[in-house]
Amino acid sequence: MGTFKHFYHKNYGERLSIISNFADLNNQEVKDFANSKKQKNNNLIENYITDYSLPEGIAVNFIINGFNKVAPMVTEEPSVIAAASNGARMFSKSDGLHAKVISHNLTGQIIIKTDNYNLLYGYVKNHYDELLQIANDAHKSIIDHGGSAKKMKVRKLDENYCSLDLFVDVAEAMGANIINSMLEALANFISTNHNADVLMSILSNYSIDSLVKVTGKVPFSQLGKNGISGDNVAKKIVEASHIAQIDPYRAATHNKGIMNGIDAFVMAMGNDWRAVESGVHAYASRNGSYQGLSQFKIEDDALFGEMTIPLSLGFVGGATKVLPKVKINQKIAKVQSKNELMQMAAAVGLSQNLAALKALVTEGIQKGHMNLQLKSLAMSAGANDEELAHVVEKLRQLANPNLQDAQIIIKKLRK
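Computed from a predicted structure; not experimentally measured.

(A) Spatial organisation of the overall build of the chain. Scanning the chain for helices and strands turns up 17 helices and 10 strands. Projected onto the principal axes, the alpha-carbon positions of the chain cover approximately 80 × 65 × 40 Å. The 415 residues of the chain split such that 46% are buried. In the chain, 44 positive and 40 negative side-chain charges are present, and the distance between their average locations comes to 5 Å.

What follows is the structure, encoded as structure tokens:
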């Protein structure tokens, strides 16, 4: 498209003008884009045009490892923050949530074309310490921060390809640049000294050596709803959890609910939620079929929930340096390290999951969810702040309210 030739070389005004003409934007739309720009972000991404903001709220009621916590969450979806707060409240009625980081090594791989796995395996085994040292020499500053390349293994992918996997403790950083530098140094060395045919080297978002486990109990007394006793609600939640283990259709939605909470928290913390998503969903398939990430059971007259997930997060570096609200959110969440960040993200996910499962097996997801969705519906129809409560109340009286209903209510109100 000739219109966009060398678009990335254009200055901001030129880019905005090109987009305006291409999309036939009116003056107000162009003004809205221009008024939302921040010069700093023009250097953050390519072909920058404007800032696209999302709401941030605070999920409350968390007790994690004995400490009272709140979780900043960035999301556009109604009910996510309410659900996380509700789940955390139920867990807090026992002794809260307990989270433990099992490991936090970043994973990377060098893909090597070879039909002789045993030869490559023997080479790596015989030069193991030397190869680790080469990796560490490629990014020596990580040693000063307490990190280093920790281990390696060779995996046979098929008859023609192997993967040399490197596991690196990247300390408090996100670590993408660190591990990629190490991988490229290793790939160059192996290619030169072992005559290996290296296809590529890159980090893996399947963070199987960066795991966090979270557990929590809920007394039966906190689970009763709509005439269903607490112990029966607990049994239904256990059944719903089981279905997510045996049916990928249900598992996908089960896990999406968990990630509603985790993604929103990860975004507020300036981390890469896309990397988190890809790693978590790959982990959900580790046993050969896609399964729910969490499991619930009945233990000592209480509902016991647990979840182990891969989370490769960073407390320093990356977007945490360039997005000013990240540091504020870290203070609000009272997290001071990568481990605490991982623990809290997992706690938010399990809390979100508990609230969703309880709603599903009692009143259904629509009742609580739709009450919050009505606000979005009213706003989409054009209701202002003064009109919002009235429009929502009128919508609540309808069986299946839609956008047209909201618009009619607003029109009548303004008359």
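(B) Seen up close, the packing of helix 9 (residues 230–246) against helix 14 (residues 338–361). Between helix 9 and helix 14, the shortest axis-to-axis distance is 9 Å and the interhelical angle comes to 110°. Here helix 9 lies roughly perpendicular to helix 14, going by the angle between them. Residues Val233, Lys236, Ile237 and Ala240 of helix 9 form the contact with helix 14, whose own contacting residues are Leu354, Leu357, Lys358 and Val361. Class assignment for the residues of the contact of helix 9 with helix 14 results in 6 nonpolar, no polar and 2 charged.

(C) Broad picture of unusual backbone geometry. One non-glycine residue, asparagine 47, lies in the positive phi region at around 55°. You can see asparagine 47 is positioned in the loop between helix 3 (39–42) and strand 1 (56–64).

(D) Quick look at the environment of isoleucine 408. The topology assignment puts isoleucine 408 in helix 17 (residues 403–414). Judged by relative accessible area, isoleucine 408 falls into the partly exposed class, the value being 39%. In this structure, the C-alpha to C-alpha distance between isoleucine 408 and valine 391, residues 17 residues apart in sequence, is 9.8 Å.

(E) Spatial organisation of the pattern of salt bridges. For the structure shown, the criterion picks out 12 salt bridges. Between lysine 151 and aspartate 209 there is a salt bridge whose closest N-O contact spans 3.4 Å. Residue lysine 151 is located in strand 5 (residues 148–156), and its partner aspartate 209 is located in the loop between strand 7 (197–204) and strand 8 (211–219); the two are separated by 58 residues in the primary sequence. Looking at lysine 151, the relative accessible area reads 34%, which means it is partly exposed. Exposure remark for aspartate 209: the relative accessible area of 13% places this residue in the buried category. Glutamate 387 is paired through a salt bridge with arginine 414; the nearest N and O atoms lie 2.7 Å apart. With glutamate 387 in helix 16 (residues 385–396) and arginine 414 in helix 17, the pair connects residues that are 27 residues apart, well separated along the chain. Members of the salt-bridge network, linked through shared partners, are Lys217, Lys297, Glu299 and Asp300.

(F) Spatial organisation of a nonpolar patch on the surface. Judged by side-chain polarity, Leu44, Ile45, Val322 and Leu323 come together as a nonpolar surface patch covering roughly 290 Å² of accessible area. With respect to the helices, strands and loops of the structure, valine 322 is situated in helix 12 (residues 319–322).

(G) Spatial organisation of the packing of aromatic side chains. Within the structure shown, the criterion is met by 4 aromatic pairs. Relative to phenylalanine 7, the ring of phenylalanine 4 has its centre 5.4 Å away and its plane inclined at 70°; by these criteria the two rings are edge-to-face. Under the relative-accessibility criterion, phenylalanine 7 is labelled buried at 10%. Considering the side-chain rings of phenylalanine 4 and phenylalanine 22, the 5.0 Å spacing of their centres and the 75° angle between planes classify their relative orientation as edge-to-face. With phenylalanine 4 in the segment before helix 1 (12–23) and phenylalanine 22 in helix 1, this pair connects stretches of sequence that are 18 residues apart. Connected via pairs of aromatic rings, a cluster forms that spans Phe4, Phe7 and Phe22. Here the guanidinium or amino end of arginine 286 rests over the ring plane of tyrosine 283, the centre of that ring lying 3.9 Å away. Above the ring of phenylalanine 315, the side-chain terminus of lysine 327 is found at 5.6 Å from the ring centroid.

(H) Structural detail: the pairing of strand 1. With 7 bridges joining them, strand 1 and strand 2 (residues 67–74) adopt antiparallel strand pairing. The residue bridging alanine 59 from the neighbouring strand is alanine 71, located in strand 2. Here strand 1 folds back onto strand 2, and the loop between the two strands holds 2 residues, one of which, asparagine 65, carries a positive phi near 55°.

About the thresholds
Residues numbered from 1 in each chain as written. Predicted model: local features only at pLDDT ≥ 70, side-chain atom pairs only at ≥ 80, totals over all residues. Heavy atoms only, no water. Helix = DSSP H or I, 4+ residues; strand = E, 2+ residues; numbered from the N terminus. Buried < 20%, exposed > 50% of the residue type's maximum accessible area, 1.4 Å probe, protein only. Lys, Arg positive; Asp, Glu negative; His and termini not counted. Charge placed at Lys NZ, Arg CZ, Asp CG, Glu CD. Axes fitted to C-alpha atoms, helices over the stretch in contact; angles between N-to-C directions. Parallel < 35°, antiparallel > 145°, perpendicular 65-115°, else oblique. Contact = heavy atoms within 4.5 Å. Nonpolar A, V, L, I, M, F, W, Y, C, P; charged D, E, K, R; others polar. Salt bridge = Lys/Arg side-chain N within 4 Å of Asp/Glu carboxyl O. Patch = residues over 30% accessible without salt bridge, like charges linked within 9 Å, V, L, I, M, F, W, Y side chains within 5 Å. Areas by Shrake-Rupley, 256 points an atom, 1.4 Å probe, with all protein chains shown as cover. Phe/Tyr/Trp six-rings, centres within 6.5 Å; stacked < 30°, edge-to-face > 60°. Lys NZ or Arg CZ within 6 Å of the ring centre and 35° of its normal. Pairing = 2+ DSSP bridges.

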